[in-house]
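Overview (structure and organization)
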Amino acid sequence: MVDPATPTSPRGGVAVVKRVVDVVVASTALVVMAPVLAVVAVAVLLGLGRPVLFRQRRIGWRGREFTIVKFRSMAGGGHAFSPDDDQLRLTPLGRWLRSTSLDELPSLWNILRGDMSLVGPRPFPTGYRDLYTPEQFRRHAVRPGLTGLAQVNGRNELDWEKRFAYDLRYVDHWSLSLDARILARTAVAVLRRRGINAPGTATAHEFRGTAPEQPEPATAGR
């Protein structure tokens, strides 16, 4: 498990370095991976038809919304987050794209635009905005990432409580060295293809909010 170091936050000079690394790595990857992107695009076009790209509004840095871009992996072309029918809509090609994380490659464009970073909490759909607790919303104090602390410690196998805990750990303990370790762990996680889907579903369980703590029942004589 990745162990974050001294608490800090991405600001000042280190924030500039982080952004430069994002731009250099994302632009280089887009050039080097261009043939792979082309092959996957053709495969999606032939296997699923149009649209080739999946676009969805997500919550980003400081709560600002942006449109994430990924390769489409499901039939039907719906844009709503509906895990209940994911099992029926997810195609064999889509399962392979998700298991290899090739569906995420177009999101490198989001990194170039500044919507995302290489490392950070994964961006969630805008429908989750009103379901967060104030503490959970702190995950948006940094740019969302292509990969993150939760991704290398279980990914979709984690329950929501653990996922948010990892996100907030990253926010509170961010460092360039932690980013480097997460990226290295991500390469291993992708090769092992673990945590692709949550138990009992083809993708991930939908977040329905955190139940408020119930007050303790009054006892006789109090």
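Since the structure is predicted, the reported quantities are computational estimates derived from the model, not experimental observations.

1. Quick word on the pattern of salt bridges
Tallied over the full model, the rule gives ten salt bridges. As a salt-bridge pair, K70 and D103 come within 3.8 Å of each other at their nearest N and O atoms. With K70 in strand β2 (residues 65-71) and D103 in the loop between α4 (92-100) and α5 (108-113), the pair connects residues that are 33 residues apart, well separated along the chain. Grouping residues by exposure puts K70 and D103 together as buried. Taking the shortest distance from any N to any O, the salt bridge between E104 and K70 comes out at 3.5 Å. Of this pair, E104 sits in the loop between α4 and α5 while K70 sits in strand β2, and the two are 34 residues apart along the sequence. Accessibility classification places E104 together with K70 in one group, the buried group. Each of K70, D103, E104 and R122 takes part in a single network of salt bridges with overlapping partners.

2. Focus: the side chain of D103
On the accessibility criterion, D103 (3% relative accessible area) is buried. Sequence-distant contacts of D103, that is, excluding residues within four places in its chain, are made with K70, F71, L97 and R98.

3. Some details on a nonpolar patch on the surface
A contiguous nonpolar patch, built from V14, V17, V21, V25 and L176 and spanning about 320 Å² of accessible area, is present on the exposed surface. In terms of residue count, the dominant contributor to the nonpolar patch is helix α1 (residues 12-32) (four residues). Structurally, the position occupied by V21 is in helix α1. A relative accessible area of 37% places V21 in the partly exposed class.

4. Things to note about the nonpolar core
V40, V44, F71, L108, I111, Y170 and I182 are the most contacted members of the largest nonpolar core, which totals 29 residues. Those elements giving two or more residues to this core turn out to be α1, α2 (34-48), β2, α5, β3 (117-119), α7 (160-172) and α8 (176-192). If we skip the residues at most four places from it in the chain, V44 touches G49, V52, F71, R72, L93 and L97. Residues F124, Y128, W160 and F164 belong to the second largest nonpolar core, which totals seven residues.

5. Description of α1
Compared with the 30 Å implied by 1.5 Å per residue over 21 residues, the 31 Å span of α1 between its first and last C-alpha is a close match. For α1, the full list of buried residues reads K18, R19, D22, A26 and A29. Viewed end-on, α1 has its buried residues packed into an arc of 110°, placing them on one side of the element. α1 presents G13, V16, V31 and V32 as exposed residues on the side facing more than 90 degrees away from its buried surface. Of the surrounding secondary structure, the elements contacted by the buried residues of α1 are α2, α5, β3, α7 and α8.

Rules used throughout
Residues numbered from 1 in each chain as written. Predicted model: local features only at pLDDT ≥ 70, side-chain atom pairs only at ≥ 80, totals over all residues. Heavy atoms only, no water. Salt bridge = Lys/Arg side-chain N within 4 Å of Asp/Glu carboxyl O. Helix = DSSP H or I, 4+ residues; strand = E, 2+ residues; numbered from the N terminus. Buried < 20%, exposed > 50% of the residue type's maximum accessible area, 1.4 Å probe, protein only. Contact = heavy atoms within 4.5 Å. Patch = residues over 30% accessible without salt bridge, like charges linked within 9 Å, V, L, I, M, F, W, Y side chains within 5 Å. Areas by Shrake-Rupley, 256 points an atom, 1.4 Å probe, with all protein chains shown as cover. Core = buried A, V, L, I, M, F, W, Y, C linked by side-chain atoms within 4.5 Å. Expected span 1.5 Å × (residues − 1). Arc of directions from axis to C-beta.

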